[in-house]
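Read off the chains here:
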Amino acid sequence: MITGELKNSIDKIWNDFWTGGISNPLTVIEQFTYLIFLKRLDDIQLTKEKSANLLGIPMENSVYMPEQSVLRWGNFKQKDPEVMFELFTKPQRELNDLTVFDFMKKVGKQGGVFAEYMKGSTFMIPTPKLLDKVVQQIDKLPLEDQDTKGDLYEYMLSKIAEAGTNGQFRTPRHIIKMMVEMTQPKKDDTICDPSCGTAGFLVSAGEYIHQNHYDWFQEEAFRNHYNSNMFNGTEFDSTMLRIAAMNLQLHGIESPNLIGKDSLSKSNGDVDDAFSLILANPPFKGSLDYDDVESSLLKTTKTKKTELLFLSLMLRIMKTGGRAAVIVPDGVLFGSSTAHKAIRKELVQNQQLQAVVSMPSGVFKPYAGVSTAILFFTKTNSGGTDKVWFYDMKADGYSLDDKRNEIKESDIPQIKDHWKYLNSDFWGMMHDATGQLLHVHNVPKNLGFDQFLEGTCTHNYADRTSQSFLVPMADIKANDWDLSINRYKETVYEEVEYDAPEVILQKINNLEKERNILLNNLKEIL
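All residue numbers here refer to positions counted from 1 along the written sequence of the relevant chain. In keeping with the predicted nature of the model, local features appear solely for residues at pLDDT of at least 70, side-chain atom pairs appear and are counted solely at 80 or more, and the whole-chain, interface and lining totals rest on all residues. Think of the side-chain values as coming from all heavy atoms in the structure, minus any hydrogens and water.

1. Here's the deal with helix H1 (residues 4-19)
Comment: elements are numbered from the N terminus, with helices defined as DSSP H or I runs of at least four residues and strands as E runs of at least two. Working rule for helices: expected span equals 1.5 Å times residues minus one. Here H1 contains 16 residues, and its C-alpha end-to-end distance of 22 Å stays within 8% of the 22 Å for a straight helix at 1.5 Å per residue. For H1, the set of buried residues is Ile-10, Asp-11, Ile-13, Trp-14, Asp-16 and Phe-17. Against helix H2 (25-55), helix H6 (128-139) and helix H7 (146-157) lie the buried residues of H1. In the stretch just after H1, Gly-21 is the one whose phi turns positive, near 110 degrees. Only protein chains enter the accessibility calculation, which uses a 1.4 Å probe; a residue whose area is less than 20% of its type maximum is buried, one above 50% is exposed, and one in between is partly exposed. Contact criterion: two residues are considered in contact whenever any of their non-hydrogen atoms come within 4.5 Å of each other.

2. Digging into unusual backbone geometry
Positive phi is not limited to glycine here, since Asp-273 has a value of about 45 degrees. Looking at where Asp-273 falls in the secondary structure, it is placed in the loop between strand S3 (257-259) and strand S4 (275-280). Exposure remark for Asp-273: the relative accessible area of 46% places this residue in the partly exposed category. Phi at Trp-481 takes a positive value of approximately 65 degrees, unusual for a residue other than glycine. Position of Trp-481 among the secondary structure elements: in the loop between helix H18 (473-478) and helix H19 (485-488).

3. So, the pairing of strand S2 (residues 231-234)
In S2, alternate side chains face the same way, and those of Phe-231 and Gly-233 on one face and Asn-232 and Thr-234 on the other are all buried. Sheet analysis places strand S1 (residues 191-193) next to S2, joined by three bridges and oriented parallel. Its bridge partner lying in S2, Cys-192 is registered against Asn-232. In this description, strands pair whenever DSSP reports at least two bridges between them. As judged from the three bridges shared by S2 and S3, these two strands associate in the parallel manner. Within S3, the residue paired with Gly-233 across the bridge is Leu-258. Viewed with both strands pointing away, a crossover whose connecting path from the first strand over the helix to the second turns clockwise is right-handed. Of the crossover connections in this fold, the one passing from S2 over helix H11 (residues 238-250) to the parallel S3 is right-handed.

4. A look at the environment of Val-471
In this structure, Val-471 sits in strand S11 (residues 468-472). Judged by its relative accessible area of 0%, Val-471 falls in the buried class. Along the primary structure Val-471 and Ile-485 are separated by 14 residues, whereas in three dimensions their C-alpha atoms are 9.9 Å apart. Leaving out residues up to four positions away in the same chain, Val-471 has contacts with Lys-387, Val-388, Phe-390, Arg-464, Ile-476 and Tyr-488.

5. Side note on the packing of aromatic side chains
Geometrically, a pair of aromatic rings is defined through the distance of the ring centres and the angle of the planes. Only Phe, Tyr and Trp rings are paired, with Trp represented by its six-membered ring, and only when their centres lie within 6.5 Å; those with planes under 30 degrees apart are stacked, over 60 edge-to-face, the remainder tilted. Counted under the stated rule, the structure contains 21 aromatic pairs. Relative to Phe-103, the ring of Tyr-64 has its centre 4.8 Å away and its plane inclined at 20 degrees; by these criteria the two rings are stacked. Here Phe-103 lies in helix H5 (residues 100-106) and Tyr-64 lies in the loop between H2 and helix H3 (73-76), a separation of 39 residues in the sequence. Here the aromatic rings of Tyr-214 and Phe-217 are separated by 5.6 Å at their centres, their planes lie at 40 degrees, and the arrangement is tilted. With relative accessibility at 15%, the residue Phe-217 sits in the buried group.

6. Remarks on the side chain of Thr-190
Assignment of secondary structure puts Thr-190 in the loop between helix H8 (173-183) and S1. When near neighbours in sequence (up to four residues on either side) are disregarded, Thr-190 contacts His-225, Asn-229, Met-230, Asn-232, Ala-274, Phe-275, Ser-276, Leu-277 and Lys-319.

7. Some words on the packing of H7 against H11
Convention adopted: a line fitted to C-alpha atoms gives each axis, helices being fitted over their contacting stretch, and angles between N-to-C directions are expressed from 0 to 180 degrees. Interhelical geometry of H7 versus H11 gives an angle of 150 degrees and a closest axis separation of 8 Å. Our classification of the angle between H7 and H11 gives roughly antiparallel. On H11, the residues touching Gln-146, Lys-149, Gly-150, Tyr-153, Glu-154 and Leu-157 of H7 are Ile-243, Met-246, Asn-247 and Leu-250. Residues are grouped as follows: nonpolar covers Ala, Val, Leu, Ile, Met, Phe, Trp, Tyr, Cys and Pro; charged covers Asp, Glu, Lys and Arg; every other residue, Gly included, is treated as polar. In terms of residue class, the contact of H7 with H11 is made up of five nonpolar, three polar and two charged. Roughly parallel here means an angle under 35 degrees, roughly antiparallel means over 145, roughly perpendicular means 65 to 115, and every remaining angle is called oblique.

8. Comments concerning the side chain of Thr-171
If you trace the backbone, Thr-171 turns up in the loop between H7 and H8. Counted as a polar contact is a pair of N or O atoms within 3.5 Å, where, for protein atoms, one must be capable of donating a hydrogen and the other of accepting one, and residues adjacent in sequence contribute only when both atoms are in side chains. At a separation of 2.8 Å, a polar atom in the side chain of Thr-171 contacts the side chain of Asn-281. Apart from residues no more than four positions distant in its own chain, Thr-171 is found in contact with Ile-176, Phe-201, Asn-281, Ile-327 and Phe-364.

9. Describing the environment of Ile-160
Within the secondary structure, Ile-160 sits in the loop between H7 and H8. Overall, the relative accessible area of 11% leaves Ile-160 in the buried class. In this structure the C-alpha to C-alpha distance between Ile-160 and Tyr-367, which are 207 residues apart in sequence, comes to 9.5 Å. The residues contacting Ile-160, other than those within four sequence positions of it, are Pro-25, Leu-26, Ile-29 and Tyr-367.

10. Brief notes about the pairing of S11
A regular strand places its side chains on the two faces of the sheet in alternate fashion. The buried fraction of S11 amounts to four of the five residues, a majority that puts the element mostly inside the structure. Sheet topology note: the strand S8 (residues 387-392)/S11 ladder contains five bridges and is antiparallel. From the neighbouring strand, Lys-387 faces S11, where its bridge partner is Pro-472.

11. So, the nonpolar core
Looking at soluble globular proteins, one finds that nonpolar side chains tend to be buried together. Working definition of a nonpolar core: buried Ala, Val, Leu, Ile, Met, Phe, Trp, Tyr and Cys residues. They are joined through side-chain atoms within 4.5 Å. Counting residues in each nonpolar core, the largest one holds 107 residues, and the members touching the most others are Leu-35, Ile-138 and Trp-389. Listed in part, the 38 residues of the second largest apolar core include Leu-264, Val-332, Leu-333 and Ile-343.

12. Regarding the sheet that holds S8
One open sheet accounts for nine strands, arranged S3-S2-S1-S4-S5-S7-S6-S8-S11; its pairing is mixed. Each end of this open sheet is capped by a strand with a single partner; those strands are S3 and S11. Each adjacent strand pair in this sheet contributes to an overall mean axis angle of 15 degrees, direction not counted. Sheet contacts for helix H9 (residues 200-212): S1, S2, S4 and strand S5 (318-329); angle to S2, the most-contacted strand, approximately 170 degrees.

Read these as geometric descriptors, not functional statements.
Below is the structure:
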């Protein structure tokens, strides 16, 4: 997270874009991304030049040809605003009619994965003054450190303040982090987000590995895996795909596998049993014609609704034994259509559904007020659901209004603790199969559990009046595969005794008499 001067620098760049005539948040970020990319190209070239000079050998795989030096960041940033603007907008005859922007689109493999998705990109900065302002400010940003440049870009992305089209909106980063920490990416995982947007889930998974398993990078086999096929994403929006590519590169993931197409379309039916971990927040809105949907998805649930089709897709592209953490709208949990029931039955009866974490409706504000939940499941193709853990999240650390200000109350630490405990060896020691607490009066003070918190091991998971409880599969089947938490959560009503009507009337009469006495006393005083 960035603060202070760096935060102010990004705020100023954002404000300059807006006052300079670019008001669409995605356009601001896209143009900002292009300029960051141009600076990175020059930084790559500088690194190659220093290495060649140090070793006294000719430079290989040069980004720029000698005659293209005018297109380099270090050159054009020193030009007058009007001259710089012409380099971006008017083809240069001596450079085979290239502009700076044209060069960026044609740089090829030297520019990394981002350069692969430049088709259709457009330079939209309208004036020399705005271009010069932004270039000079970006030039001062500390983009050498991986963590810093990643945080800077994430902060810029956080400034998107309105929903996109087709149900796209930004997933809160603390929710993504919680999902990643609960699924705990493994050394040999192939991670996929089939609706990756800005690649927040993939970035967070990479950060988790760096923070918790940095020793893995000492192994060449893991480094090759990390840099080649560990991170995979699909996104049909070309603008979002470019932003995702830059986000991943700035976070040190140089060669992710990003695919620019609709995950649900017929053209995407060639991926099966490929991924061991799915992390996703697929589009909530929209429907497709049956003719446009990849046929295998309709076998699990015949529907036009994208949120159901994405669950079907995930089950197809996951390896057996693969895990998933997926955000879905509440309608998926209780919808009464045949398609809704079919996908829930598939998850519970044929796969292993482990948890349903219900989130409050304000989590996605200001984008949308829809209530959502996170499903945690494992692909088995042979069942395995014995009981499902439900958690009723009431607070996520931020106010549930449009402002989303940070607050002290958050259930996220408790959710992670319960999840870790339920998946630990200590679960069977402390509870029976239904979740009923055993040995209530003889709980060991120290179980050797590194995340032991008082109240976790001693929690009665059979108590459905609490925020955290277990529901046997038989109950879910009996309720027509309904997964909404309100179907199973029990509310405790406190008995309140009221006086009899005649007693209440007598009290009213007494008050009226007292009022008249006080009023007469006041009149006498006056």
